[in-house]
Amino acid sequence: MNTVTYVQKACAYITRQTGELLVFDGPGHDGLQIPKGTLENGESPRAALFREVREESGLATLTGTAHLTTDVWTRRESPPKRYVRHFFHSTVQESRDRWTHTVTDGGEEDGAEFEFRWVQPTTTQSFALDLNDYVHLLPAGGPRGDVASASD
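The rules behind each value
- Residues numbered from 1 in each chain as written.
- Predicted model: local features only at pLDDT ≥ 70, side-chain atom pairs only at ≥ 80, totals over all residues.
- Heavy atoms only, no water.
- Helix = DSSP H or I, 4+ residues; strand = E, 2+ residues; numbered from the N terminus.
- Expected span 1.5 Å × (residues − 1).
- Buried < 20%, exposed > 50% of the residue type's maximum accessible area, 1.4 Å probe, protein only.
- Contact = heavy atoms within 4.5 Å.
- Polar contact = N/O pair within 3.5 Å; in protein donor to acceptor, adjacent residues only side chain to side chain.
- 1 Å grid on protein atoms, 1.4 Å probe; cavity = no way out; pocket = protein on both sides within 12 Å on 5 of 7 lines; lining within 4 Å.
- Points joined across faces, edges and corners; volume = space filled by probe spheres on them.
- pLDDT = per-residue confidence, 0-100.

A short note on helix 1 (residues 45-57)
- Across its 13 residues, helix 1 extends 18 Å between first and last C-alpha, which sits within 8% of the 18 Å expected from 1.5 Å per residue.
- Residues Ala48, Leu49, Phe50, Arg51, Glu52, Val53, Glu55, Glu56 and Ser57 constitute the buried set of helix 1.
- A positive backbone phi angle near 85° is found at Gly58, which sits one or two residues after helix 1.

Below you can see the structure in the form of structure tokens.
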């Protein structure tokens, strides 16, 4: 009998004023990635989103954060793992076109370097782990939601 494990994830589609989407190339995956991570015990998806964005990118203030969708995505391994993925959209005021951020959270990614850049969001780009499944849900003209900082 195979036991299925469910892992809760928060995933961030972050855009800037030009409409470009924040992506990075990180160790261990083929394809573009977006800031994302596992919810800690008792943590809400929204709180995890802000924590993961700050830890992975160094960005501390997100504007207009809105929940887009939640799905269950299966990673085929033995035993299979199912990810309950909570996708959010936020905007950020960021003038840098590229930067490297070193994770310093003390967790398993501690010391990892992520190379961030901006791309035009399209559904034809290849993302790792099917993280582009909901790019088509990004609203034209920016998100509609509340303003919060990553320390909320």
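Anyway, onward from the coordinates.
Quick look at the environment of Arg96
- Note that Arg96 resides in the loop between strand 5 (81-91) and strand 6 (98-102).
- Note: C-alpha distance between Arg96 and Asp130 (34 residues apart in sequence) is 26 Å.
- With residues up to four places along the chain from it excluded, the contact list for Arg96 reads Arg16, Leu59 and Trp118.
- Within the structure, the side chain of Arg96 is placed 2.7 Å from the side chain of Glu94, a separation counted as a polar contact.

Some thoughts on the layout of surface pockets
- Computed from the structure, the largest pocket encloses a volume of approximately 600 Å³.
- Taken together, 28 residues form the lining of the largest pocket, with Lys9, Gly37, Thr38, Glu108 and Glu109 sitting closest to its centre.
- Those elements that provide at least two residues to the lining of the largest pocket are strand 1 (5-15), strand 3 (36-38), helix 1, strand 4 (61-75) and strand 5.
- The biggest single contributor to the lining of the largest pocket is helix 1, with four residues.

Points about the confidence of the model for the protein
- Mean pLDDT for the protein: 86, with 91% of residues reaching 70 or above.
- Between the elements of the protein, mean pLDDT differs from a low of 40, seen in strand 8 (residues 146-149), to a high of 96, seen in strand 5.

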